[in-house]
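# Architecture at a glance
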Amino acid sequence: MNLRNVLDRLDGELLTPGSDLGLEFTRVFASDLMSDVLAFTGPGELLITGLVNGHVVSTAAVADVAAVVFVQGKRPSAAVVGEARDNRLPLISTPLSTFEACIRIGSPRSDA
Amino acid sequence: MEEDLCYRQEYSLKGGEFARAGEVSRRIKDLLKELGLDVQVVRRAAIASFEAEMNVIMYAFQGTVRLAVTPADVTIIVDDHGPGIPDIELAMTEGYSTATREMRELGFGAGMGLPNIKRNADVFRIVSEPGRGTRLEMTFARDGRPS
């Protein structure tokens, strides 16, 4: 699955224009605990979270997270988005809940 | 010579500076990448360094991070002036935490930091003196995990 598929499935909005939508990932990790992101993710995973502070970007950058999806229509500040762009980290916002976002990404569909 | 130091750097940390949390670890990560180290080694070192950096920012007054890269390994030593850890065995238990609500709201303080440093480092050593501070030493073999 790639980021274009994620945007489609989650009715998502890309917050970092210019990001590579063809970016592929094979695993998804959903958590609001950055401690868990650091402890339990592997490189290149998609992170789904409800946290929008700058530590999400710092954590993602350190842990080689592929991209971050913010749920419930949440949007980080312009400063955090700028930091993500500096780190070439794609950010997506979706109106869906974490549960619904996980279900939609996990459902077998023809676009994957 | 095999053990010649090829890179050394030192960084300062200040307790409570949440806005700058992660800066040092990202600089270390960029440096290790520039030096051409294996991506998995770079990732493990960056994660362990970040956990240690967060610990200093969350719990200590100030700290120093010293990075040394040799042809054989990467060593990161983090010294802090802070409250220290009275019971290291307890602090190494996954899930044990003395974090405040503010730390948890930021997504940290889940009691995973020290165990995660140990998990990522090839060699890990912790020394602490209550009332004075804590030293973490972590080493990462450049050619992967030792057998």
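Note that residues are indexed from 1 along each chain, following the sequence as it is written. Each chain gets a letter, beginning with A, and each ligand a number, beginning with 1, in the order they are written. The predicted nature of this model means local features are confined to residues of pLDDT at least 70 and side-chain atom pairs, given and counted, to a pLDDT of 80 or more, with totals for whole chains, interfaces and linings taken over all residues. To get the side-chain values, all heavy atoms of the structure are used, and hydrogens and water are removed first.

## Re unusual backbone geometry
A negative phi angle is the norm for most residues apart from glycine, just as the trans form is the norm for most peptide bonds. All names here are of chain A. The phi torsion at Gln72 lies on the positive side, around 60°, for a residue other than glycine. Strands are runs of DSSP state E lasting at least two residues, helices are runs of H or I lasting at least four, and both sets are numbered from the N terminus onward. Here Gln72 lies in the loop between strand S4 (67-70) and helix H4 (78-86). Of note in this structure, Arg88 is not a glycine but carries a positive phi near 55°. By the secondary structure assignment, Arg88 is in the loop between H4 and strand S5 (91-93). The cut-offs for exposure are 20% and 50% of the maximum accessible area for each residue type, with area from a 1.4 Å probe on protein chains only; residues under the lower value are buried, those over the upper are exposed, and the others partly exposed. Overall, the relative accessible area of 76% leaves Arg88 in the exposed class.

## Comments concerning the nonpolar core
Joining through side-chain atoms within 4.5 Å is the link that ties buried Ala, Val, Leu, Ile, Met, Phe, Trp, Tyr and Cys residues into a set, and such a set is a nonpolar core. Counting residues in hydrophobic clusters, the biggest one holds 32 residues, and the most contacted among them are Leu47, Val68 and Leu91 of chain A together with Phe108 of chain B. The element that contributes the greatest number of residues to this core is helix H2 (residues 39-59) of chain B, accounting for 6 residues. Those residues within four positions of Leu47 of chain A in sequence are excluded, and the remaining contacts are Phe29, Ser31, Met34, Val37, Val56, Val65, Ala67, Val68 and Val69 of chain A. The next biggest cluster of nonpolar side chains, apart from the first, holds 30 residues, and it includes Leu31, Ala48, Ala121 and Met138 of chain B. In this analysis, two residues are considered to be in contact whenever any of their non-hydrogen atoms come within 4.5 Å of each other.

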